[in-house]
Amino acid sequence: MPNRSAGALTQDWEPVVIHKSRPKPQDLRKPKVVNHALRSGVPVQTIKKSDAGHNKKAAPAVSVKKLDEAAEPAVLDRVSADVRHAIQKARLEKKMSQAELAKRINELPKVVQEYENGKAVPNQAVLAKMERVLEVKLRGKVGK
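Quick caveat: nothing in here was measured; it's all calculated off a predicted structure. (Residues numbered from 1 in each chain as written. Predicted model: local features only at pLDDT ≥ 70, side-chain atom pairs only at ≥ 80, totals over all residues. Heavy atoms only, no water.)

J.: Which residues make up the overall build of the chain, and what values go with them?
T.: Along the backbone of the chain there are seven helices and zero strands. Per-residue burial for the chain yields a buried fraction of 17% across its 144 residues. Look at the contacts in the chain between residues 6 or more apart in sequence, and 52% of them connect residues 24 or more apart. For the chain, the exposed surface amounts to about 13200 Å²; the carbon and sulfur share of it is 54%. (Helix = DSSP H or I, 4+ residues; strand = E, 2+ residues; numbered from the N terminus. Buried < 20%, exposed > 50% of the residue type's maximum accessible area, 1.4 Å probe, protein only. Contact = heavy atoms within 4.5 Å. Areas by Shrake-Rupley, 256 points an atom, 1.4 Å probe, with all protein chains shown as cover.)

Below is the structure:
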């Protein structure tokens, strides 16, 4: 057995204190933690949310429809009757179908159909293509 010193045994150790880290804010919101704090008498701050638990959005102060109507006209301009008839007349004189005209101007047949029915909103690029293929004036004053 090893020999020990004859003197009194003493400990020179310093006490070590371990501190817990601060709890994270999302951990403080858990019901278990809140209930424990309420039971122990610690002050708990609560904030009531105005629309909590409702599936509603806050209503805007001004109607979106009214803003749209004020900024833009409600009805967009359509192809005029003069342009419609000029397209049809020129296409029939060239003995083309709507599909053939659409293919020549690189558009869908539906586009040509809408222009001839007067349902399309005039697009200057499409009208320019039709003018080039049909060799007729469609923009500006038609028929002059």
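Structure's up, so let's keep going.
J.: Quick one: what's the story with helix α2 (residues 31-40), residue by residue and with numbers?
T.: Counted residue by residue, α2 has one buried out of ten residues, so it is predominantly exposed. One or two steps after α2, the chain reaches G41, where phi turns positive at roughly 90 degrees.

J.: Talk me through unusual backbone geometry; I want residue IDs and the actual numbers.
T.: At K95, a position not held by glycine, the phi torsion is positive, near 55 degrees. When you line up the elements, K95 lands in the loop between α4 (81-93) and α5 (98-104). A relative accessible area of 75% means that K95 is categorised as exposed. Despite not being glycine, N106 has its phi angle at roughly 60 degrees, a positive value. Take N106: it is sitting in the loop between α5 and α6 (109-117).

J.: Lay out the pattern of salt bridges with the relevant residues and their values.
T.: Taken as a whole and judged by the stated rule, the model has five salt bridges. E107 serves as the salt-bridge partner of K129, at 2.9 Å between the closest nitrogen and oxygen. Of this pair, K129 sits in helix α7 (residues 124-134) while E107 is found in the loop between α5 and α6, placing the two residues 22 residues apart along the sequence. Note on K129: relative accessible area 23%, which makes it partly exposed. (Salt bridge = Lys/Arg side-chain N within 4 Å of Asp/Glu carboxyl O.)

J.: Describe the nonpolar core, with residues and values.
T.: Core analysis: the biggest nonpolar cluster contains 19 residues, and I87, L101, I105, Y115, M130 and L134 have the highest contact counts within it. Sorting the residues of this core by element identifies α4, α5, α6 and α7 as the ones contributing at least two each. Take this core: its biggest share by element is five residues, from α7. In contact with I105, other than residues within four places in its own chain, are V112, V126, K129, M130 and V133. (Core = buried A, V, L, I, M, F, W, Y, C linked by side-chain atoms within 4.5 Å.)

J.: Now, about the environment of V133: what can you tell me, with residues and values included?
T.: By the secondary structure assignment, V133 is in helix α7. Separated by 42 residues in the primary sequence, V133 and R91 have C-alpha atoms spaced 9.2 Å apart. Ignoring any residue separated from it by four or fewer positions in sequence, one finds V133 in contact with K94, M96, L101, R104 and I105.

J.: Describe the packing of α6 against α7, and please don't skip the residues or the numbers.
T.: Relative orientation of the contacting elements α6 and α7 amounts to 90 degrees, with a least axis distance of 12 Å. It follows from the interaxial angle that α6 and α7 lie roughly perpendicular. Together, V111, V112 and Y115 of α6 and V126, L127 and M130 of α7 make up the contact between the two elements. (Axes fitted to C-alpha atoms, helices over the stretch in contact; angles between N-to-C directions. Parallel < 35°, antiparallel > 145°, perpendicular 65-115°, else oblique.)

J.: Lay out the packing of α4 against α7 in plain terms, naming residues and giving numbers.
T.: It is the contact of α4 with α7, at a shortest axis distance of 10 Å, that shows an interaxial angle of 35 degrees. Both α4 and α7 take part in a crossing whose hand is left-handed. Only L127, M130 and L134 of α7 make contact with α4, whose side of the interface consists of V83, I87, A90 and R91. When grouped by side-chain class, the residues that make up the contact of α4 with α7 number six nonpolar, no polar and one charged. (Left-handed = near helix turned anticlockwise from the far one by under 90°. Nonpolar A, V, L, I, M, F, W, Y, C, P; charged D, E, K, R; others polar.)

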